Amino acid sequence: MLKIAEEWFAICGGCEVTILDIGEPLLDILEQVEFVHMPVLMDHKYYGQEGEKDKLEIPEADVGLISGSVRTEEHKEILQEMRNKCKTLIALGTCAAFGGIPALSNMYPLEETYDMIFRETKTTEPADTPNQGIPPLTDRVYALSELVKIDLTLPGCPTTPEMVQEALTALIEGKPYALPEKSVCDTCPLIREKKSVTTLKRPLEAVEYTPGQPLDTVRCFMEQGYLCQGPATRAGCIGSSDAPRCIKAYTPCRGCFGPMREKANPMVDMMGALSSIGLNPREIEDRAATFNRFAGAQGRLRPLPKRR
Ligand code: SF4
Ligand code: SF4
Ligand code: SF4
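Residues numbered from 1 in each chain as written. Chains lettered and ligands numbered in written order. Predicted model: local features only at pLDDT ≥ 70, side-chain atom pairs only at ≥ 80, totals over all residues. Heavy atoms only, no water.

### Description of the domain arrangement of the protein chain
Split by domain assignment, the protein chain resolves into domain 1 (2–105 + 132–173) and domain 2 (181–302). The gap between the C-alpha centroids of domain 1 and domain 2 is 29 Å. Each partner contributes to the interface: domain 1 provides 22 residues, whereas domain 2 provides 20 residues. When the two sides are added together, the surface that domain 1 and domain 2 hide from each other amounts to roughly 1400 Å², 62% of it contributed by carbon and sulfur. Looking only at domain 1, the three residues that lose the most surface to domain 2 are F98, L104 and T160, adding up to 36% of its buried area. Here domain 1 is connected to domain 2 by 0 salt bridges. Summed over the shared surface of domain 1 and domain 2, the result is 8 residue pairs in polar contact (both at pLDDT 80 or more). Counting residues per element, the ones that place at least two in the side of domain 1 that touches domain 2 are α4 (94–98), β6 (137–142) and α6 (161–173). (Domains from an automatic or database assignment. Contact = heavy atoms within 4.5 Å. Buried area = accessible area lost by both parts, 1.4 Å probe. Salt bridge = Lys/Arg side-chain N within 4 Å of Asp/Glu carboxyl O. Polar contact = N/O pair within 3.5 Å; in protein donor to acceptor, adjacent residues only side chain to side chain. Helix = DSSP H or I, 4+ residues; strand = E, 2+ residues; numbered from the N terminus.)

What follows is the structure, given as structure tokens:
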């Protein structure tokens, strides 16, 4: 019986729903695993069920699954305890792997973030930054691998049920599991003509398509002038399907699986990909945030000079 501990930090909960989305095969997996800690499901207290312990404690487990990025000092402490107690530690989803959407706040110093939230928004009564009964925020958002050793990363916002199922099954059977070393483009069935285009359409403009049109008769979105981050994004969202998740819905890739390599810079890779078909990346306002929308930890997004 494989013991699993699960934790969630700065998240939306979508990656936990992905575990449920495994569907029927989850029933077979559940017969072979035991969840010993999972705040989303069970009321396990960190300091003993009656608060009798003076040290944060999580039960020992074979596998630790953590979704979410590190945003508070408490997350940091729990992360360290998960590392101490779990033989294999898995970063579940893009927030855990690369900071995810929460790491967009890395574009602002912490004090500026507090000012924006508590004092400067038009719909908020100005107030002091709360400091009672809540853990302090960290100086910025961290991906898990910046703070502890991570054994396996399952990216995606959310990650895919197929990927979680395959990884858990491999761990149950004692087999290795590795992510594909390919880009979303490598798994995309759209037609690439390698002809240059001159105009980039607005980044959020919807793609034109005929409903039901077979994907292998549609021209690559980027070659049509739509911003698609497939060239700089790791493959894996295809699951058991015949096309990447968004492409199948006639939507360009937004980069949610993060960069293909740990040190890669999606902004640099995307600027190269756009230039190679004649598009000018400088037409995209806020390039750093657009291309690092899901990967702002690990130094990819840093504070900007204050504009106001
Ligand atoms: S990776 Fe996406 S789905 Fe998963 S917790 Fe983060 S925001 Fe939610
Ligand atoms: S750029 Fe987008 S649409 Fe074009 S091949 Fe790559 S993933 Fe497919
Ligand atoms: S196509 Fe891109 S944005 Fe869509 S699920 Fe796949 S990696 Fe994420």
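### Let's talk about unusual backbone geometry
Each neighbour pair has its own omega, and for C157 with P158 the value is -5°, a cis peptide bond. Mapped onto the elements, P158 comes out in the loop between β7 (152–154) and α6. Notably, Y250 is not glycine yet its phi reads approximately 55°, a positive angle. Relative to the helices and strands, Y250 resides in the loop between α7 (245–248) and α8 (266–276). Even without a glycine there, the phi angle at Q298 is positive, about 55°. When you line up the elements, Q298 lands in the segment after α9 (287–291). The partly exposed category is assigned to Q298, whose relative accessible area is 22%. (Buried < 20%, exposed > 50% of the residue type's maximum accessible area, 1.4 Å probe, protein only.)

### A short note on the environment of R202
Among the structural elements, R202 can be located in the loop between α6 and α7. The spatial distance from the C-alpha of R202 to the C-alpha of A264 is 25 Å, given a sequence separation of 62 residues.

### Notes on the site of ligand 2
Looking at ligand 2, the residues that line it are V184, C185, C188, L190, R192, C220, F221, M222, C228, G230, P231 and I247. Class assignment of the residues belonging to the shell around ligand 2 gives a composition of 10 nonpolar, 1 polar and 1 charged. (Near = heavy atom within 4 Å. Nonpolar A, V, L, I, M, F, W, Y, C, P; charged D, E, K, R; others polar.)

### Let's talk about the pairing of strand β1 (residues 2–8)
Within β1, 5 of the 7 residues are buried, which leaves the element mostly enclosed by the surrounding structure. Of the pairings in the sheet, the one linking β1 to strand β2 (residues 33–37) comprises 4 bridges and is parallel in character. Within the sheet, the bridge partner assigned to L2 lies in β2 and is V33. Direction of pairing for β1 relative to strand β3 (residues 61–67): parallel, over a ladder of 5 bridges. Paired with E7 across the bridge in β3 is I66. (Pairing = 2+ DSSP bridges.)

### Things to note about the sheet that holds β1
Strand order in the open sheet made by the 5 strands is β2-β1-β3-β5-β7, with parallel pairing throughout. The open sheet terminates on both sides in strands that have one partner only, identified here as β2 and β7. On average, each strand axis in the sheet is inclined to that of its neighbour by 30°, with strand direction left out of account. Bridge count for strand β5 (residues 86–92) against β7 is 3 bridges, and the pairing is parallel. Paired with A91 across the strands is T153, a residue of β7. Packed on one face of the sheet, helix α3 (residues 73–85) meets β1, β3 and β5 and runs near 135° to β5. On top of the sheet, α6 reaches β1, β2, β3, β5 and β7; it is set at about 155° to β7, its chief contact. (Axes fitted to C-alpha atoms, helices over the stretch in contact; angles between N-to-C directions.)

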